[in-house]
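Breakdown of the fold
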Amino acid sequence: MVKLFREMKISSRVSAFWLCLMALFAVVGHWIPLPDPREFDIDASAVGPFSPGHILGTDAGGYDLLSNIVNGARTSLLISIVSVGLGGFIGSVLGILAAYRRGKLDYIINTTFNIMLSIPNLVLGLALVAVLANNADPAIPVNPNRRMFVIIVSLTIVIIPILGRIARGATLTWSNREFVVAARSMGMKDLNIVLRHIVPNVLPAIYAVGFLAVGVVIVAEGALSLLGVGIVDGLSWGAMIARVAGEFEYAPQSMYVPVLVLALTVIACNQIGDFLRGRLDVREGKI
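So, here's what we can say about the structure. Going along each chain's sequence as written, the residues are numbered from 1 onward. Selection of residues for local features in this predicted model requires a pLDDT of at least 70, selection of side-chain atom pairs for listing and counting requires 80 or more, and totals for whole chains, interfaces and linings are taken over all residues. Each side-chain value is derived from all of the structure's non-hydrogen atoms; neither hydrogens nor water enter the calculation.

1. Structural notes on the packing of helix H3 (residues 65–101) against helix H4 (residues 103–117)
Note the following rule: Only the stretch in contact is used when fitting a helix axis, every axis being a line fitted to C-alpha atoms; angles between N-to-C directions are given from 0 to 180 degrees. Labels follow the DSSP assignment, with helices taken as runs of H or I lasting at least four residues and strands as runs of E lasting at least two, numbered in each case from the N terminus. The hand of a helix crossing depends on one turn: near helix anticlockwise from the far one by less than a right angle means left-handed, and clockwise means right-handed. Contacts between residues were defined by any pair of non-hydrogen atoms, one from each residue, lying within 4.5 Å. Note that Gly is not counted as nonpolar here; it falls among the polar residues with everything else outside the nonpolar set of Ala, Val, Leu, Ile, Met, Phe, Trp, Tyr, Cys and Pro and the charged set of Asp, Glu, Lys and Arg.
One can describe the packing of H3 onto H4 by two numbers: an axis separation of 7 Å at closest approach and a directional angle of 140°. When you trace H3 past H4, the crossing you get is left-handed. In this structure, H3 contributes Gly 91, Leu 94, Gly 95, Leu 97, Ala 98, Ala 99 and Arg 101 to the contact, and H4 contributes Gly 103, Leu 105, Asp 106, Ile 109 and Phe 113. Of the residues belonging to the contact of H3 with H4, the class tally is seven nonpolar, three polar and two charged.

Printed below as a string of structure tokens:
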């Protein structure tokens, strides 16, 4: 890990530090001595950054922005990591299986990936949330956990074909290498070949694109919140932006802060993904 950090450029190091900070917020945010993110300070409504008791200021409702950023990190990162993790696992299994077996199975899985990629992620998210995460009676509030589950499922479906095609392409490359052909000629079982020779060489490509996918999911979750079908009550960065959408004129910091945090996190994910992709290209060039 130390060697990997030393290989990074300053931009990648800063990105890694930022992602570690956001992960720290998500994990230990409960123990950080900050105001309750759900309690408003009526005497400090719409105050600017570095105000007494409010480092980043408050929104028009008097909610502390830093507390909401820390609290939102937990939800936004949970949704993105779980969606990318599940989507990456399912997509990788299908992609590796398709590329290794070839034939009709490869055609069916690849066609399915293409069909899934043709569906816009926001349209899919809107459809699933409208059907599965809304009550017939609008007066009955929707359980936030139920809505989060549906959002994770919809974003997982979006990630499956993306990482699945990456796994398929990498498997097609590695399955024809000499050591794989030699293992097959020596009578090694297909499962052992995949687990020992294919998967370890495919995973770096999945990791590299996975960081980029995390950024995509964070943006998608924010877009769903802005459309009114995402996480409610400001419990994520996207929900924070949706909650303060009409406060820009008299409380601009309430919009700038969550947008800046979300943007920096997405940029950091892209930077780390590019760094890992560069290392992967160098590694493959030496083989």
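2. Observations regarding the pattern of salt bridges
Worth spelling out the cut-off: One side-chain nitrogen of Lys or Arg within 4 Å of one carboxyl oxygen of Asp or Glu is enough to make a salt bridge. Per-residue accessibility, obtained with a 1.4 Å probe over protein chains only, is compared with the maximum for each type, and a residue is labelled buried under 20%, exposed over 50%, and partly exposed between these values.
For the structure on display, the rule yields three salt bridges. Between Asp 59 and Arg 243 there is a salt bridge, with the nearest N and O atoms lying 3.3 Å from each other. Linking Asp 59 in the loop between helix H2 (10–28) and H3 with Arg 243 in helix H9 (residues 237–243), this pair joins segments that are 184 residues apart in sequence. Overall, the relative accessible area of 2% leaves Asp 59 in the buried class. Exposure remark for Arg 243: the relative accessible area of 29% places this residue in the partly exposed category. Of the charged contacts, one joins Arg 168 and Asp 106 as a salt bridge, the two residues approaching to 2.7 Å between their closest N and O atoms. Taken together, the residues Arg 168 in helix H6 (residues 144–174) and Asp 106 in helix H4 connect sequence positions 62 residues apart. Under the relative-accessibility criterion, Arg 168 is labelled buried at 19%.

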